[in-house]
Each structure stands twice: as C-alpha cells, then as structure tokens.
Number of protein chains: 2
Amino acid sequence: MQSGRLSDSGPAEPGPRLRSLCGADQAAWASSLSEAEAEAGCFALAVAAVLPAGGSGERMGVPTPKQFCPILERPLISYTLQALERVCWIKDIVVAVTGENMEAMKGIIQRYQHKRISLVEAGVTRHRSIFNGLKALAEDQPNSRLSKPEVVIIHDAVRPFVEEDVLFQVVTAAKEYGCSDHDLEFGTECLHLALKYCHIKAKLVEGSPDLWKVTYKRDLYAAESIIKERISQQICVVMDTKEDEEHVGHRLEEMLKNELNHMKKVTSGKDLQQILLEQCYSFVCVNVMTSDFEETHKLLNMLEESNLSILYPVVVISVHFLDYKSVPFGQTMENLMPIREFAKEVKKRNILLYGLLIYYPQDEQKLKESLRQGATIIAALIKERNSGLTGQLLIA
Amino acid sequence: MQSGRLSDSGPAEPGPRLRSLCGADQAAWASSLSEAEAEAGCFALAVAAVLPAGGSGERMGVPTPKQFCPILERPLISYTLQALERVCWIKDIVVAVTGENMEAMKGIIQRYQHKRISLVEAGVTRHRSIFNGLKALAEDQPNSRLSKPEVVIIHDAVRPFVEEDVLFQVVTAAKEYGCSDHDLEFGTECLHLALKYCHIKAKLVEGSPDLWKVTYKRDLYAAESIIKERISQQICVVMDTKEDEEHVGHRLEEMLKNELNHMKKVTSGKDLQQILLEQCYSFVCVNVMTSDFEETHKLLNMLEESNLSILYPVVVISVHFLDYKSVPFGQTMENLMPIREFAKEVKKRNILLYGLLIYYPQDEQKLKESLRQGATIIAALIKERNSGLTGQLLIA
C-alpha cells in the first residue's frame, strides 16, 4: 500500500532538509546529505527523534490504540519516551498524535514528567506523520524551542525496549548512508524505500530481540512481564543499622539471597539515598518490635520525597516478627491492622505496601522454615506487584 | 540452510508413502497423492500428526530447550499435545525427541496423562525428525499400535495455541494440493519447498495470531499470560444451596459479576459436577459459619476426585464472614488458621487454596465496601494464580 503524495495535503513544501533515519523490524536505515558531512563525529551532530504515534491499533483487538494501552497502569508510549529520554544526546523528541489523542498525550507527558517532548498532529498515514514531525524540526519559527537537528531518528512509539547502543549504531550509520527526503512520499516501510531506489545506500543495523514491536495483545502481556522482571532485579532490605548482626532480620536477608533467583541482587539498605538513585523498586523493611512501623514509616517518607514511584509501582514489604509466647497471635494481628490504612494512603502515590508477619519460634529448624516461607512470600509479592492485595498482612 | 539428504542417515528408504502437510508461520501447505483421492471427504481420511521436538532452544537464551520450558509449572510441549489431543479425528500423535530427552518426554506423557502419543528419536535437523515420525507411521510393524494414516499434519511443538478449525482447514486443503514426500530432503521451511518446486500446488491456510510460535523468552511470558487469562474466564461461586437468597454470599456473587471484567463468567455452583466437566478452574467457596470449612472441604474433595488440576492449577478461595461484634477478630483469625495446613495438603495436587475473611458490618455502605474489596481480592488471586501465597488468609 502506498501513502498519498504529501503535496496533496497542503501547499507545496520543499520538505524538511534533514537527514532522516528509520527503524523497521530489528533494522534501521540511515541517510545523510553528503559523505563529507558524514565524516564528522556523530555526537558533534545534533540528533532528534520523531515518533509516529497516530496508529489505531486494530490488530491488537482492543479499542484503545496500542501506543496508549496501559502496562502496569502506565501507557505504552510513556515507556518508549522514557527509553529515548534516557539518551542524553537526543536533544528533541517529536511525537505525532492524532487530534483526538492530543490532550491525552499532553496529560501523559505531564503525569510522567517527560522532558524534551514536542507534539505535532499525526497525518493519515505513518509517513505523513513522520513528515509532520520532520517539518516541525525543520521550521525556523521564532517561538519554537526546537533546534534544527542534523540527524533524525524515526522510532516506532510501540517499541519500548530500544537501547542506547542500538540508537548509537543507527546514528553512526547515518554518517555513511543516504536517502533524499522525498522518499517519504512513498511506501510503508523505510527499508523498502531504500531498496526501491537502488542508487540509495541503505544499511541494516542489527537490533536485539528486545527491540520488537508491540503489535498483538500477547505483546502487551510480554511487555508487562519483561518490565516487571526488570524492576524486580534488585531488592533492598532495610533495617535499623544499630541492630546486631545476629538479628533475625539479617538471617532473613541471607535467606532471601539463597532462595531467590540468582539473577536478583539483594542489597542492604545502609545507604538508602544511594539505592534510591540506583532506581531500586522493591524494598523489604524489617521492623524490630512486633507492632512497630518505625522503619517502614521512615522508608515510606523517603520514597514519597523521591519521585521513584512516578514511573513504576514501588513494592514495600513491612516485615514483623511474632514471638508467640510473649504476645498472643490475635493481639499481634490487631496491632498490625493499621497497615491497611497506610497502604491505602501510599497506594495513591503508586507505592504498594504489604505486611508480612513471620513466626519466630525457639526451635531452630522451625525458625528456618518460617524464614524460608517469608522469603517465598516476599519473592511472590515483588514478582507480581499485585495492586489488589496491598494492605494485606501475610503470615509465614 | 539445507538439511542433508535423508538417505545419508541409513539404508535407502523409499520414504513413507504418506500425504504430508506442514504448518509454517501462520500458514500451512497441504499435499495429496492424487486429486481423485483428494475428493474423498476429509474425515473419511485417517489423520495423524507429527511433532518435531528435537530443537535446542538457543534463541530463547535459557538452557532448557524451549519445548520443555515450564508454563505454570507444566512443559510447553504438553500444552501443544493437549491442543492436538482435543481434536478427536487426529488418531495418532508422533513426537520426535532427542535421545537425551526421551525419558523426560515419557515422564511428561505419564504425568499429564496424554493419550494417543508415540515417541520416535529426533534427527539432527527438523526435516530428519519429521521423516522419522513419518517413517514410524508408515511402517507395518506387527507390534506397532500406530495405524497407517492418509493425511499427516506436521505441527511445531512450540505452537501451543493451535485451534481445531485451523487444523480442519489444513486437512481440507490437503485434499486439493500436493507435493511428493521427497521434498522433505531439502529446505527448512515447508512453504519455501512448495514455492521452490513451481509445479507443486501449495495453499496458504490463514492462521489466527494465536497460532504464533514460542521463540523468545518474551513468548513464554506471553504464553503464560494467555493461559492464565483463558483458565480465569469462568469463576464458579459455591455455597450451601439451602441458604436464603438474601444471604451475603449471594451479594458477593452479584458484586463479583459487577466488579469483574465483563469477559468473565460468574456461575453459581449449583450443579458442581457439570461445572467440573466444563473445565472451570476458579472457585469461590462461601462458608456460612465464620470458622467453618464445610463447603470448602466438600469442594476440595470433589476437585481431588476429578482430575481437573492435572493440567492447570485450580484456584479455590475459601470465603468467611466476620461479624466483629459476636466474635473477636483475633479469635476468628486463630480459628481460621487451619487453612494453612489444608492449603499445604492440596497444593501437592496442584490446587491453590487461599482464605478470605470479609468484614460484615451492620452499616450498609460499609458492607458494600467490604464486599467490593473482597471481589477485588478474589479477582487478583484468580488472575495471578500465585503459588507462593497459598494458605494465606486475606482480609476485606
């Protein structure tokens, strides 16, 4: 299928005098105006990105266009923007959305605090949307905050897992391979365009399997699982540092290290500010006294002050130990019930708080079993990030 | 890449005189020996299936070959076998596995009670494996329980979501299109073979997007989510039928109907035997007295007698109501603790038992809120089927 000529859509435009660069399935092709120019180092180049995001998502089998489908309650396109934003040398990101989704898109940018984003109206085809994005970058409007780029990366809004190294390769390739911008008028796939005009140099850049495009509903499921797995890699165990090393909290930490998948990193929360900077999204908070939430409150306050939970749900498991002999079980449970209210409160800020009461029997073998079960429950809560179970008090 | 000639692997064989039929990506091609024969109705034909399952799963990035990767703790290939077994007109299913996986495969067949399966040793390539499967079907060995088929469906072991209608189309197409069996000697993709020999009629049979092949780790995630979703479509609410219609259990059932995704079917467990036959894998069991497990025990016994949990984990949520005024909370919690032991017991048989205690305040608004939260927790437990949280007593 061919898109219509862009000149149909308005007064004849010379088209943006930009080097353009497209990513297709696990591949990208790159162009530049001249080889001499291309020899300049790519980071001397001003780089921008254009995201066509005007699709209707018919193949997905859901009414919402796929770029706006939620993953952990955040729209897919926000993950893609986040992936591009992370790359400091991409100066501007232009997103082309349909008029009807313009306000929703503004809301997404505001809510998830995306930076360096500009919006343009999508065209009726993917190529017209790309053209509109390039035009916005090319225009020298006095009020525009956009700076004219030398290389533009065209990236699908529904490929959230793009990595900096692939983008780097694409921009590097742009120094050597070329295609004039009028090619935007025809075709649906960028590489197809490059091959059609045989005098044009095109280069395939190898992508990783993670670069895949979210197309079907199953891809949304896969994306959600991948994201959950990524944010569960690091688990931080927080406890009062004055606590003696023999304390059962340290034993729980050891048990977590042994029980969990070896891929996961269990860190002690001694330097919590540093850990927040490392973007750890899973916390186990050991409270010394049975019915005490002191450590948990301190942690929740720090989390609320940081902006950590804007992008991903943060799991906090408030751990308490039960010495059955000194306090009756029922009493302990009642004392810990306030966790339900705390959980309701912090859930508003995307923090998922759960309680975990671990039996502390005198018998060494039984204690070991309790700690092992505690570690299993912790792993399950962190892995699933189930918002329907927040405020629950689980028992190991 | 071409596979070696099959004749290299042993004494010259005429090759099986079978009509063969291959499924490639969302497509299949079909062959028959003659048009006259093909005009016979396809269910007058004896149909068998061959599953090449000798792959090493290198693209998956995991040490286990992908066909043996677990989904909800059951190997992927078992789901594929289940999909083929369901089709009553497939008389025999021949699986080609490597020698080293032969015993594991026998264990899978036994554990998941697969029927009509025969095993052959895989060859070094996919095509040699297919050849070995066809040979086993073609041979007239006195001790063989295999009957010689007229049409053979070749199906990837890693496409678990194949539906009967696609298989039907494939077999129907086999009546009209043909290819001689020596084509098995070359090529890696069946359709490629058909196109290579232009005098051969080949037909593309449209598959659904669900027919996709599990290739990468993300596909395993997607498959797990799809399977979880499928087995969570129907939720059966069981309660004592003598119970009056105004009982809070009925209100919970109504709340579930309202709160849950409209895709889900909430059925009352009046005819439990029928519901077990319908393969419902999610049960909410309402116990009349607070600390009573009577209904739950009855249901668990029925589930254990049926073989329902052999293929999928069955979720049972034992619901209890708490009238805070008549029995103290702590006491109720203690009374319900035996659920931990019950859960441990039934988990051995793949039944995931959770407890749910719902507050029953006098205030109508508060009761509604409790029931709504109960429905949310039920939905979360059924959706996730988290085996790490069995035996927990959740509170709404």
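For the structure, see preceding data.
Rules used throughout
Residues numbered from 1 in each chain as written. Chains lettered and ligands numbered in written order. Predicted model: local features only at pLDDT ≥ 70, side-chain atom pairs only at ≥ 80, totals over all residues. Heavy atoms only, no water. Helix = DSSP H or I, 4+ residues; strand = E, 2+ residues; numbered from the N terminus. Buried < 20%, exposed > 50% of the residue type's maximum accessible area, 1.4 Å probe, protein only. Salt bridge = Lys/Arg side-chain N within 4 Å of Asp/Glu carboxyl O. Arc of directions from axis to C-beta. Contact = heavy atoms within 4.5 Å. Least-squares fit on C-alpha atoms with pLDDT ≥ 70 in both. Core = buried A, V, L, I, M, F, W, Y, C linked by side-chain atoms within 4.5 Å. Buried area = accessible area lost by both parts, 1.4 Å probe. Polar contact = N/O pair within 3.5 Å; in protein donor to acceptor, adjacent residues only side chain to side chain. Nonpolar A, V, L, I, M, F, W, Y, C, P; charged D, E, K, R; others polar.

Would you mind going over the side chain of A:Ser225 with me for this structure?
Along the chain, A:Ser225 turns up in helix H7 (residues 217-231). The class for A:Ser225 is buried, based on a relative accessible area of 18%.

In this structure, what is going on with the pattern of salt bridges? I would like to understand it.
Pairing between side chains of opposite charge can happen when the charged atoms of each approach one another. Residues and elements named next belong to chain A. Throughout the structure, instances matching the rule amount to 26 salt bridges over all chains. The partner of Arg349 in a salt bridge is Glu304, and the shortest N-O contact between them spans 2.5 Å. Taken together, the positions of Arg349 in the loop between helix H12 (339-347) and strand E13 (351-359) and Glu304 in helix H10 (residues 294-305) put the pair 45 residues apart, joining distant regions of the chain. Overall, the relative accessible area of 30% leaves Glu304 in the partly exposed class. Through salt bridges that share partners, Arg126, Asp156 and Arg159 make up one connected network.

Explain helix H11 (residues 329-336) of chain B here, please?
Three or four residues apart is the spacing at which side chains of an α-helix point the same way, because the helix has 3.6 residues per turn. For H11(B), the full list of buried residues reads B:Phe329, B:Gly330, B:Thr332, B:Met333 and B:Leu336. Buried residues along H11(B) cover an arc of 160 degrees about the axis, so they all sit on one side. On the buried face of H11(B), the contacting elements are helix H11 (329-336) of chain A together with strand E12 (314-322), helix H12 (339-347), strand E13 (351-359) and strand E14 (393-395) of chain B.

Whenever I open this one, the relation of the copies chain A and chain B confuses me. Can you help?
One copy of the chain maps onto the second through a rotation about an axis and a displacement along it. With an RMSD of 0.1 Å, chain A superimposes on chain B once it is rotated by 180 degrees and translated 0.0 Å along the axis. These values place the two chain copies in the arrangement generated by a two-fold rotation axis. When C-alpha distances to the rotation axis are compared across chain A, the minimum falls at A:Gly330, with a value of 1.7 Å. Comparing interface residues between copies, 100% of those in chain A also sit at the interface in chain B, which points to an isologous, same-surface contact.

Mind showing me how you'd approach the nonpolar core here?
Where a protein is soluble and globular, its nonpolar side chains tend to be buried together. In this structure, A:Phe283 and B:Phe283 are the most contacted members of the largest nonpolar core, which totals 92 residues. One finds A:Leu352, A:Leu367, B:Ala380 and B:Leu389 within the second-largest nonpolar core, a separate group that totals 60 residues.

When you look at the interface of chain A and chain B in this model, what are you seeing that I'm missing?
Where interface size is given, it is often the accessible area lost as the parts come together that is meant. The interface of chain A with chain B comprises 32 residues on the first partner and 32 residues on the second. Summed over both partners, the interface of chain A with chain B buries about 3,000 Å², with 56% contributed by carbon and sulfur atoms. Of all residues in chain A, A:Arg218, A:Tyr221 and A:Leu389 give up the largest surface area on contact with chain B, accounting jointly for 19% of the area buried on that side. Among the salt bridges present, the one from A:Glu229 reaches B:Lys217, with a minimum N-O distance of 3.4 Å. Taken together, the connections running from chain A to chain B amount to 10 residue pairs in polar contact (both at pLDDT 80 or more). Of all the secondary-structure elements, those providing two or more residues to the side of chain A that touches chain B are H7, H11, helix H13 (364-384) and strand E14 (393-395) of chain A. With 8 residues, the single largest contributor to the side of chain A that touches chain B is H7(A). Residues belonging to the side of chain A that touches chain B are distributed by class as follows: 18 nonpolar, 7 polar and 7 charged.

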